[in-house]
Amino acid sequence: MNQNSNISHTPTTSNSASSSEPSYFIDPTCYHGRPEDESSRLPKEIRTYNLLDELHIPYIRVDHSAMPTIEACHDVDKLLDIDICKNLFLCNAQKTAFYLLMMPGEKKFKTSKLSKQIGSARLSFGKPDDMERLLDLTPGSVSVLGLMNDPENRVQLLIDRDVIDHHAFIGCHPCINTSSLKISTRDILDHFLPAVHHEPIIVELPWEE
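So, here is what we can say about the structure in this document. (Residues numbered from 1 in each chain as written. Predicted model: local features only at pLDDT ≥ 70, side-chain atom pairs only at ≥ 80, totals over all residues. Heavy atoms only, no water.)

1. Considerations on the packing of aromatic side chains
Inspection of the entire model under this criterion finds three aromatic pairs. Aromatic pair Y49 and Y59: ring centres 5.8 Å apart, planes at 10 degrees, arrangement stacked. Pair noted here: Y49 is in helix α1 (residues 43-54) and Y59 is in the loop between α1 and β5 (60-63), with a separation of ten residues, a long-range link. Like Y49, the residue Y59 is buried in the burial classification. Sitting above the plane of the F169 ring, K182 keeps its charged end 4.8 Å from the centroid. (Phe/Tyr/Trp six-rings, centres within 6.5 Å; stacked < 30°, edge-to-face > 60°. Helix = DSSP H or I, 4+ residues; strand = E, 2+ residues; numbered from the N terminus. Buried < 20%, exposed > 50% of the residue type's maximum accessible area, 1.4 Å probe, protein only. Lys NZ or Arg CZ within 6 Å of the ring centre and 35° of its normal.)

Listed below in structure tokens is the structure:
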């Protein structure tokens, strides 16, 4: 795919002089497809684009520095015109079962509500070394696309039904947190997941009253 833009905005940067947060940069252009110059891209990112192209899954890409805050992530989502979606890497107490949970960003995650549905008590966030070992991902880059790096199905995908019912598109990293992709939810469900041999479990997490 060519790197043709369809939307251009004013560059977004933080003001480190007036804030204690690290500075960040967002390329204001939304690109269709993979970057033309891949010389500075990691192999796992290039493999992600290769698979999406092989599956004929279209996507829009925004490049940026690693996002230091949730507010910065919202800036990326505004460019892509999507609602934020959380991707959480979880495990059981024995560290014998691992999960990747996709849920709306506005929902608060409560382990007890999920544990009952999947029959796994005492869920907690997985360790970075397990995340890298199982999905070739690092903290800040958790993404459903990382399942392509799990051929032995050691990580079970969990999707909150609200993502399927109310998110026509999702945002996800191409296995690295310096780019974000906008991909059709149906393409993830109907094409990507079958190709990487991962069948999701659909859960229903409540909105906080």
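What follows continues from the structure just given.
2. A word on empty space enclosed by the protein
Under the criterion given, the structure shown has one cavity of 30 Å³ or more. Here the largest cavity defines a volume of roughly 40 Å³. M102, I159, V163, I164, I170, T185, I188 and L189 are the residues that line the largest cavity. If you list the elements that add at least two residues to the lining of the largest cavity, you get α5 (161-166) and α6 (185-195). If one sorts the elements of the lining of the largest cavity by residue count, α6 sits on top with three residues. Among the residues making up the lining of the largest cavity, the classes are represented as seven nonpolar, one polar and no charged. (1 Å grid on protein atoms, 1.4 Å probe; cavity = no way out; pocket = protein on both sides within 12 Å on 5 of 7 lines; lining within 4 Å. Points joined across faces, edges and corners; volume = space filled by probe spheres on them. Nonpolar A, V, L, I, M, F, W, Y, C, P; charged D, E, K, R; others polar.)

3. Examining the pairing of β5
Here β5 shows no split at all, with I60 and V62 on one side and R61 and D63 on the other all buried. Relative to β5, strand β4 (residues 29-32) runs antiparallel, the two being bridged by two bridges. Directly across from H32, in β5, lies its bridge partner I60. (Pairing = 2+ DSSP bridges.)

4. A short note on helix α3 (residues 111-118)
All buried positions along α3 are accounted for by L114, S115 and I118. The buried residues of α3 occupy one face: seen down the axis, they fall within an arc of 105 degrees. Buried residues belonging to α3 abut β6 (85-91), β7 (98-104), β9 (155-160) and β12 (201-203). G119, located one to two residues past α3, shows a positive phi value of around 65 degrees. (Arc of directions from axis to C-beta. Contact = heavy atoms within 4.5 Å.)

5. As for the side chain of K182
In this structure, K182 sits in strand β11 (residues 179-184). Nearest to the buried, unbridged K182 among oppositely charged side chains is D81, at 4.5 Å. A polar contact is formed between the side chain of K182 and the backbone oxygen of L80, at a distance of 3.1 Å. When residues no more than four places from it in sequence are discounted, the contact partners of K182 are P58, Y59, I60, L80, D81, I82, F169 and I170. (Lys, Arg positive; Asp, Glu negative; His and termini not counted. Salt bridge = Lys/Arg side-chain N within 4 Å of Asp/Glu carboxyl O. Polar contact = N/O pair within 3.5 Å; in protein donor to acceptor, adjacent residues only side chain to side chain.)

6. With respect to the pattern of salt bridges
One pass over the structure, following the stated rule, counts 13 salt bridges. Note that E38 is salt-bridged to R34, the shortest N-O span being 2.6 Å. With relative accessibility at 21%, the residue E38 sits in the partly exposed group. The class of R34 is buried, set by a relative accessible area of 13%.

7. Quick look at the side chain of D150
Summarising the element assignment, D150 is placed in the loop between α4 (128-135) and β9. What makes D150 buried here is its relative accessible area of 0%. Among the polar contacts made by the side chain of D150, one reaches the main-chain amide nitrogen of V155 at a distance of 2.9 Å. With residues near it in sequence (within four places) discarded, D150 still touches L134, L135, V155 and H198.

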